[in-house]
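One-letter residues, chain by chain:
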Amino acid sequence: MPPRRRRLAPSLLSADFADLAGAIREAEAGGAEAFHLDVMDGHFVPNLSFGPALVKAVRARTRLPLDVHLMIDRPARYVRAFAEAGGDTLVFHLETSDPPGEVIAAVKAAGRAVGAAIRPETPFDAVRPLLPRLDELLVMSVHPGFSGQRFLPEALPKLDAARAAAAELGAPLEIAIDGGIDATTAGPAARAGATFFVCGNSVYGAGDVGENLRRLRAAVDGGAE
Ligand code: DX5
Ligand code: ZN
């Protein structure tokens, strides 16, 4: 299998919510290859963000793939709403109470790609049996709930294990890393096997969005060599 293209996915959680259209435009001009949308319910994580209406509004402004990260309890109940809102990949957390098989089936039935996310405390082996049915594995390198946290290097061996397992299966798995990705941590994550880089603060926090994306791209490409 040819190596997968490594993609940068700005997380809109770190953007100016009053000017999302501008944030989308700047990231597209800077070479973003997808957008990551963090949905939080105040139960699964101690924070609230947004729901399907905002995903729909973003969908109307970009043709780039939307990676919807569902940090919510009972994700199966909301699959249809996020699929109809225009999410391309729906990523649920393995640690919720819904049986993973049911969520995967619901996302497939809605005609969308499906991802599973694991928190820093969850070992890779917990998700390994699901890999043949997944399009994406999202490894969290911070505790879910907030942007701008420090990268937890414990995530790196999980990326490596995911890459090895996907190669063994011959499965085209997208391996996403989410949390604390910047010009310092993107390289090691790429080297360990990440193919999809969620970047919040390092894109929208400070400085020019285009310049920030160029720096991240260089870090990803340098790390992957
Ligand atoms: C955290 C979210 C992340 C967050 C990343 O719960 O899942 O997607 O937006 O932000 P940074 O890149 O700033 O850690
Ligand atoms: Zn996220």
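Our structure is the block above this text.
What counts and what doesn't
Here the residue numbers are simple positions, counted from 1 along each chain's written sequence. To read the labels, note that chains go from A and ligands from 1, taken in the order they are written. Thresholds applied to this predicted model are a pLDDT of at least 70 for local features of residues and 80 or more for the giving and counting of side-chain atom pairs; totals over whole chains, interfaces and linings are not thresholded and use all residues. Water and hydrogen atoms were dropped before computing side-chain values, which therefore reflect all heavy atoms in the structure. Each residue gets one of three labels from its accessible area relative to the maximum for its type: buried under 20%, exposed over 50%, partly exposed in between, using a 1.4 Å probe on protein chains only. To qualify as a helix, a DSSP run of H or I must reach at least 4 residues; to qualify as a strand, a run of E must reach at least 2; elements of each kind are numbered from the N terminus. Pairs of strands are assigned from DSSP output, requiring at least two bridges between the strands. Crossover handedness is defined here as right-handed if the route from the first strand over the helix to the second strand goes clockwise, with the strands pointing away from the viewer. What we call a nonpolar core is a set of buried Ala, Val, Leu, Ile, Met, Phe, Trp, Tyr and Cys residues that are connected through their side-chain atoms within 4.5 Å. For this analysis, residues touch if any pair of their heavy atoms sits within 4.5 Å. Sites may look incomplete because water is not among the atoms; the donors themselves are N, O and S atoms within 2.8 Å of the metal, or within 3.2 Å for Na, K and Ca. The rule is simple: four donors are tetrahedral if all their angles sit between 85 and 135 degrees, four are square planar and six octahedral if opposite donors span more than 155 degrees and the others lie between 65 and 115, and anything that fits none of that is irregular. Residues are classed as near a molecule or strand on a simple rule: at least one heavy atom within 4 Å of it. Whenever two N or O atoms come within 3.5 Å, that pair is a polar contact, provided that in protein one can donate a hydrogen and the other can accept it, and provided that, for residues adjacent in sequence, both atoms are side-chain atoms. Calculation of accessible area relied on Shrake-Rupley with a 1.4 Å probe; when residues are assessed, cover is drawn exclusively from the protein chains displayed. Gly is placed with the polar residues, together with every amino acid not listed as nonpolar (Ala, Val, Leu, Ile, Met, Phe, Trp, Tyr, Cys and Pro) or charged (Asp, Glu, Lys and Arg).

Notes on the pairing of strand β4 (residues 89–93)
Thinking step 1. Summarising burial for β4: five of the five residues are buried, a large majority.
Thinking step 2. Burial along β4 is two-sided: the face carrying T89, V91 and H93 and the face carrying L90 and F92 are both buried.
Thinking step 3. Sheet topology places strand β3 (residues 66–71) next to β4; four bridges connect them, and they run parallel. Considered in β4, the bridge of L70 is made with F92.
Thinking step 4. Read as a crossover between parallel neighbours, the route from β3 over helix α3 (residues 79–85) to β4 is right-handed.
Thinking step 5. Judged from the five bridges that link them, β4 and strand β5 (residues 113–118) form a sheet pairing that is parallel. When the sheet's bridge partners are listed, H93 is paired in β5 with A117.
Thinking step 6. Regarding the hand of the β-α-β motif, the stretch spanning β4, helix α4 (residues 100–109) and β5 is right-handed.

Quick look at the nonpolar core
Thinking step 1. Within the largest apolar cluster, 63 residues are counted, with the highest numbers of intra-cluster contacts made by L12, I177 and F197.
Thinking step 2. Among residues more than four places away in sequence, those in contact with L12 are F17, L20, A23, I24, F35, H36, L37, V58 and Y204.
Thinking step 3. Grouped together as the second largest cluster of nonpolar side chains are 10 residues, V91, M140, A176 and F196 included.

What about the coordination of the zinc ion (ligand 2)?
Six octahedral donors around a metal ideally make angles of 90 or 180 degrees; four tetrahedral donors ideally make 109.5 degrees.
Thinking step 1. Taken together, H36 (NE2), D38 (OD), H69 (ND1) and D178 (OD) make up the protein donors of the zinc ion (ligand 2), found 2.0 to 2.3 Å from the metal.
Thinking step 2. Because the angles between the six donor atoms bound to the zinc ion (ligand 2) fall within 72 to 172°, the donor set is best described as octahedral.
Thinking step 3. Counting gaps between the donor residues of the zinc ion (ligand 2) yields the pattern H-x1-D-x30-H-x108-D. A residue pair is termed long-range when its members are at least 10 positions apart, and D38 in strand β2 (residues 35–40) and D178 in strand β7 (residues 174–178) qualify at 140 residues. You'll find D38 and D178 in the same group, each marked buried.

Let's talk about the pairing of β7
Thinking step 1. Among the five residues in β7, five count as buried, and that is most of the element.
Thinking step 2. Going residue by residue along β7, you find E174, A176 and D178 tucked away on one face and I175 and I177 tucked away on the opposite face as well.
Thinking step 3. Examined bridge by bridge, strand β6 (residues 136–140) and β7 share five bridges and lie parallel to one another. Bridge pairing in β7 links V139 to I177.
Thinking step 4. Regarding topology, helix α5 (residues 155–169) serves as the crossover connection from β6 to the parallel β7, and that connection is right-handed.
Thinking step 5. Summarising the sheet, β7 and strand β8 (residues 196–199) pair through three bridges and their orientation is parallel. Each residue of the ladder has a partner; that of A176, found in β8, is F196.
Thinking step 6. Handedness of the crossover is the feature at issue here: the chain leaves β7, passes through helix α6 (residues 186–192), returns alongside β8, and the resulting connection is right-handed.

Structural notes on the environment of G51
Thinking step 1. Locating G51 in the fold gives a position in the loop between β2 and α2 (52–59).
Thinking step 2. The partly exposed category is assigned to G51, whose relative accessible area is 22%.
Thinking step 3. In the structure, G51 is positioned 19 residues away from L70 in sequence and 9.4 Å away in space, judged by C-alpha atoms.

Section: the site of ligand 1
Thinking step 1. Around ligand 1, the surrounding shell holds 20 residues, and the nearest of these are G145, G148, D178, G180 and G200.
Thinking step 2. A distance of 2.9 Å is found between an oxygen atom of ligand 1 and a side-chain nitrogen or oxygen belonging to S11.
Thinking step 3. At 2.8 Å, a backbone N or O of G180 approaches an oxygen atom of ligand 1.
Thinking step 4. Computed on the free molecule, ligand 1 has an accessible area of 380 Å², of which 99% lies beneath the protein chains in the complex.
Thinking step 5. Mapped onto the shell around ligand 1, the elements with two or more residues apiece are β2, β3 and β8.
Thinking step 6. No other element matches β2, which puts three residues into the shell around ligand 1.
Thinking step 7. Classifying every residue of the shell around ligand 1 by side-chain character gives eight nonpolar, 10 polar and two charged.

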